[in-house]
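Structure at a glance
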Amino acid sequence: MRVGLFVTCLVDLMRPSIGFAALKLLENAGYEVTVPAMQTCCGQPGWNSGDREAARALAERLIAQFEECRYVVVPSGSCAGMIRAHFPEVFEDEPAMLAKARGLVARTYELTEFLTRMAKRASVSASFDGTVTYHDSCSGLREIGVKVQPRQLLAKVAGLKLVEMEECETCCGFGGTFSIKYGEISSAMAEKKCANIEATGAQAVVLGDLGCMLNIEGRLRRRGDVKTRVLHVAEVLAGTTEG
Amino acid sequence: MHFKARSSVALADATLQANLRKFQSTGFTALRAKAVAEFGPELFEALRGEGAAIRDRSLAHLDAWLERFEAEAVRRGATVLFAETRAEACELLIDICRRHGVRKAIKSKSMLSEEAGVNEALAANGITPIETDLGEYILQLAGEPPSHIIAPALHKSKEEVAVLFEAHHHAPRKDDIPRMTREAREVLREHFLSADLGISGGNFLIAETGSGVIVTNEGNGRMVTTLPRVHVCITGIEKVLPTLEDFSTLLRLLTRSATGQSISNYVSLFTGPRGRQDRDGPEHMVFILVDAGRTSLVGGDMQEMLRCIRCGACMNHCPVYRAVGGHSYGWVYPGPMGAVLTPSYMGLANALDLPHAATLCGACSVACPVKIPLPELLRKLREKQVDRGLRPRSERAAIRLWSWTARRPRLYALATAIAVRLLRILGGRDGMISMLPFGGEWTRGRFFPAPKSGRTFRSLYASRPKPARNRGQTTVFSSKQQ
Ligand code: SF4
């Protein structure tokens, strides 16, 4: 069955290895994976900044890019959330596009959601020697309900022990453009998150979104923590954390 | 209003930060969570749905319910006055004071009186207002506005209050809360007995009975509404509910969402002045129902905000509020609800930064007892700013440029390939950028992790060895597109 991988712009730019990890997980689960060549960005930066037109143009492109795919899988809760929760709002006044948007909504999954729901039998062969803690990204958690899925999958990773941090559901302070508009507040929020991560003594914080990843890693290193690793759940599940 | 400057001061204020941390650790969110767990999370979800529906029903026929309220209240001997603006509300109040020869007014908590600047108006007319809610009383002594809608003085520590009491009560300093409270109570008792007017807010107005309701944890509200000769309830017109039954549903939601209580210590309904059979109560009871921008939200895309029952859950759960406190928001309503209300009531252009002072994390809306989609409303306010050309040109241009480039995959691939390479070089050996060009705000308190690879996913994918089984079936990035 054809699965389209929406790599997302941040993975494309900042951490290609996560895209390859997602690809590997989907292929191992037996799917034929398409990576539409013309994909770029889902339009979320424009949408959250109040620029409906900018968001609309990119949303329309994305819908076209993935028209042929039976499923669309996204290794990011916030981009999946943009599609699932907001694409219908983007096109609320355009019946024809709205129908297409709804079609995409019904076919789109966040990666861990897809793996637990559609690829139930696929085994996880990765191993990870150590303790990790999981940070729930806001959009994934509250817009599309990603909570147990990554934990279920991580539980299958040999050697991995998950310890929950305090306030794992509290925003890390990224918030897209918020992080560059209100750098000071954003950093203060990241600081609280980092303190909660460090308090668990975990070797790594695992998460499912690039924004949080850059924010948390940036703050950890700045406060002098060079040890705690910041890993995307796809890399842990695919066993490619060394890459 | 400058949220950014204020929040910067708040972040640097060590005492405030300690008080905020204390509020967070001993605070309302855990109590709410416990109350929801005890009630049953699914039942509570259903209750939230009902709460939202009740508020929507009330708002859909706001005029009709207000008329009903007025008729019932008048039938029971109360006077109902409507004020279109905050200034008009103050004028009506001063007028009542003149008519009844009022020299001193005791007040229980009222956000609308904060909104309208009632204390200032009273003082300017020679009437002494005395706040009797402990938190509000502390702030009146300190000359500060509230920083939270239900715990107005949470930004103050016990020690700060002790110093304040010592200075104003002319009594030896007390350091424990029970003794401080007792001292305040003694001072306030004098005022309760000597005041000519009691001013209360109103959490709800009940149309079918013409009653006002206040939900409180201190006994002061009872005294304010029953002891003085005249009682004025001043509140917003949107507070009206059709029936007592509706009220009971919202009360369940309100106290659990606010403080995690299954019911507050006091729930007072006041219906008309003292009747012939009554042993106590005011001789005159007046409702001042204030519009002050509410009707302008009815029927528009901010209408959902009028559902608000002022529980404070959105700010308790807001990580931005918890980092910077309520005063950063610049007006009486802080946190997510304030970030929607302030621009809605004071004008979009007068609070440009507030709709952006949120990560849109959604913690507020999942806690809101009447399901107000706060992040969505904030986003819509951002959209209105863009539509009216109120955003900085550079910001608009950046978003436009991004969107324009992202619609041209070839150009995009080229531009991102260059950017990634540059960022990679900037990252140096440890892969951390300490000064980000065009992103100085980011690197104020963080590094920016550089791209791990000097190449984008698309370029790596295009050159990956293709597994035989996929050939011919899989669309891949063709090298021509790079
Ligand atoms: S917006 Fe919702 S959560 Fe916030 S104060 Fe109003 S009712 Fe409470």
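Residues numbered from 1 in each chain as written. Chains lettered and ligands numbered in written order. Predicted model: local features only at pLDDT ≥ 70, side-chain atom pairs only at ≥ 80, totals over all residues. Heavy atoms only, no water.

1. A closer look at the nonpolar core
- One finds A:Ile185, B:Phe3, B:Met305, B:Val320, B:Val324 and B:Met337 to be the most contacted residues of the largest nonpolar core, which totals 74 residues.
- Among the elements that take part in this core, helix H13 (residues 244-259) of chain B stands out by supplying six residues, more than any other.
- A:Ile185 has contacts with A:Phe178, B:Phe3, B:Ser7, B:Leu11, B:Val320, B:Ala323 and B:Val324, leaving out every residue within four places of it along the chain.
- One finds A:Leu58, A:Leu153, A:Val157 and A:Val205 within the second-largest nonpolar core, a separate group that totals 67 residues. (Core = buried A, V, L, I, M, F, W, Y, C linked by side-chain atoms within 4.5 Å. Buried < 20%, exposed > 50% of the residue type's maximum accessible area, 1.4 Å probe, protein only. Helix = DSSP H or I, 4+ residues; strand = E, 2+ residues; numbered from the N terminus. Contact = heavy atoms within 4.5 Å.)

2. Notes on the domain arrangement of chain A
All names here are of chain A.
- As assigned here, chain A comprises domain 1 (2-117) and domain 2 (127-238).
- Between domain 1 and domain 2, the C-alpha centre-to-centre distance is 22 Å.
- On the side of domain 2, 23 residues touch domain 1, which itself brings 27 residues to the contact.
- Across the domain 1/domain 2 interface, buried area totals approximately 2,000 Å², and carbon plus sulfur atoms make up 68% of it.
- On inspection of domain 1 and its partner domain 2, the count reaches seven residue pairs in polar contact (both at pLDDT 80 or more). (Domains from an automatic or database assignment. Buried area = accessible area lost by both parts, 1.4 Å probe. Polar contact = N/O pair within 3.5 Å; in protein donor to acceptor, adjacent residues only side chain to side chain.)

3. Quick word on the interface of chain A and chain B
- Contacts between chain A and chain B engage 66 residues on the former and 69 residues on the latter.
- Viewed at the interface, chain B and chain A are joined by ten salt bridges.
- With a shortest N-O distance of 3.2 Å, A:Glu184 and B:Arg444 are connected by a salt bridge.
- Our count for the contact surface shared by chain A and chain B stands at 32 residue pairs in polar contact (both at pLDDT 80 or more).
- Examining the composition of the side of chain A that touches chain B, we find that eight residues originate from one element, helix H11 (residues 183-199) of chain A, more than from any other. (Salt bridge = Lys/Arg side-chain N within 4 Å of Asp/Glu carboxyl O.)

4. Brief notes about empty space enclosed by the protein
Residues and elements named next belong to chain B.
- For the coordinates displayed, the defined rule picks out seven cavities of 30 Å³ or more.
- Put simply, the largest cavity is a space of about 120 Å³.
- Looking at the largest cavity, it is lined by 18 residues, and the ones nearest its centre are Cys318, Pro336, Ala358, Leu360 and Cys364.
- If you list the elements that add at least two residues to the lining of the largest cavity, you get helix H16 (319-324), helix H17 (335-346), helix H18 (363-367) and helix H19 (374-387).
- With three residues, the single largest contributor to the lining of the largest cavity is H17. (1 Å grid on protein atoms, 1.4 Å probe; cavity = no way out; pocket = protein on both sides within 12 Å on 5 of 7 lines; lining within 4 Å. Points joined across faces, edges and corners; volume = space filled by probe spheres on them.)

5. Brief notes about unusual backbone geometry
- The phi dihedral of A:Thr8 falls on the positive side, at around 80°, and the residue is not glycine.
- Relative to the helices and strands, A:Thr8 resides in the loop between strand S1 (2-5) and helix H1 (9-14).
- A:Thr8 sits in the buried class, given a relative accessible area of 3%.
- Of note, B:Arg310 is a non-glycine position whose phi angle comes to about 55°, a positive value.
- For B:Arg310, a relative accessible area of 8% corresponds to the buried category.

6. Remarks on the packing of helix H3 (residues 28-39) of chain B against H13(B)
All names here are of chain B.
- Packing of H3 against H13 leaves a shortest axis separation of 6 Å and a crossing angle of 135°. Comparing their axes, H13 and H3 come out oblique. Residue-level contacts link Phe28, Leu31, Arg32, Ala35 and Phe39 of H3 to Arg252, Arg256, Ser257, Ala258 and Thr259 of H13. (Axes fitted to C-alpha atoms, helices over the stretch in contact; angles between N-to-C directions. Parallel < 35°, antiparallel > 145°, perpendicular 65-115°, else oblique.)

7. Topic: the packing of H17(B) against H19(B)
Residues and elements named next belong to chain B.
- Across the interface, H17 lies against H19 with an axial gap of 10 Å and an inter-helix angle of 35°. Considering how the two elements wind past one another, H17 and H19 form a crossing that is left-handed. In contact with Pro336, Met337, Ala339, Val340 and Pro343 of H17, H19 contributes Leu374, Leu377, Leu378 and Leu381.
- Here the contact of H17 with H19 is composed, by residue class, of nine nonpolar, no polar and no charged. (Left-handed = near helix turned anticlockwise from the far one by under 90°. Nonpolar A, V, L, I, M, F, W, Y, C, P; charged D, E, K, R; others polar.)

8. Observations regarding helix H9 (residues 134-142) of chain B
All names here are of chain B.
- Among all positions of H9, only Gly135, Glu136, Tyr137, Ile138, Leu139 and Leu141 are buried.
- For H9, the N-terminal cap is Asp133; the gap from its side-chain oxygen to the backbone nitrogen of Gly135 is 3.1 Å.
- Phi turns positive one or two residues past the end of H9, at Gly143, with a value near 70°.

9. A closer look at a nonpolar patch on the surface
Residue and element names in this part refer to chain B.
- A cluster of nonpolar side chains, Leu401, Trp404, Leu411, Leu414, Ile418, Leu422 and Ile425, forms an exposed patch at the surface whose accessible area comes to about 720 Å².
- The set of elements that each furnish at least two residues to the nonpolar patch consists of helix H20 (393-406) and helix H21 (409-427).
- Of the residues forming the nonpolar patch, the biggest block, five residues, is contributed by H21.
- Counting through the fold element by element, Ile425 comes out in helix H21. (Patch = residues over 30% accessible without salt bridge, like charges linked within 9 Å, V, L, I, M, F, W, Y side chains within 5 Å. Areas by Shrake-Rupley, 256 points an atom, 1.4 Å probe, with all protein chains shown as cover.)

10. Some words on the packing of aromatic side chains
- Scanning all chains against the criterion turns up 22 aromatic pairs over all chains.
- When the centroid spacing of 5.3 Å and the interplanar angle of 65° are considered together, the rings of A:Tyr71 and A:Phe114 count as edge-to-face. Taken together, the positions of A:Tyr71 in strand S3 (residues 71-74) and A:Phe114 in helix H7 (residues 111-117) put the pair 43 residues apart, joining distant regions of the chain. Take A:Tyr71 and A:Phe114: they sit in the same class, and that class is buried.
- Through a chain of ring-to-ring contacts, the aromatic side chains of A:Phe178, A:Tyr182, B:Phe3, B:Tyr321 and B:Tyr329 assemble into a single cluster.
- One cation-aromatic arrangement involves A:Arg70 over A:Tyr71; the distance from NZ or CZ to the ring centre is 4.6 Å. (Phe/Tyr/Trp six-rings, centres within 6.5 Å; stacked < 30°, edge-to-face > 60°. Lys NZ or Arg CZ within 6 Å of the ring centre and 35° of its normal.)

11. A look at the pairing of strand S7 (residues 230-236) of chain B
All names here are of chain B.
- Among the seven residues of S7, seven are classified as buried, and the element is accordingly described as predominantly covered.
- The side-chain alternation of S7 yields two buried faces, one formed by Val230, Val232, Ile234 and Gly236 and the other by His231, Cys233 and Thr235.
- In the sheet, strand S4 (residues 197-200) pairs with S7 via four bridges, with the strands oriented parallel. Among the inter-strand pairings, Gly198 is bridged to a residue of S7, identified as His231.
- Taken together, the seven bridges between S7 and strand S10 (residues 284-290) define a ladder with parallel strand orientation. Its bridge partner being in S10, Ile234 is matched across the sheet by Ile288. (Pairing = 2+ DSSP bridges.)

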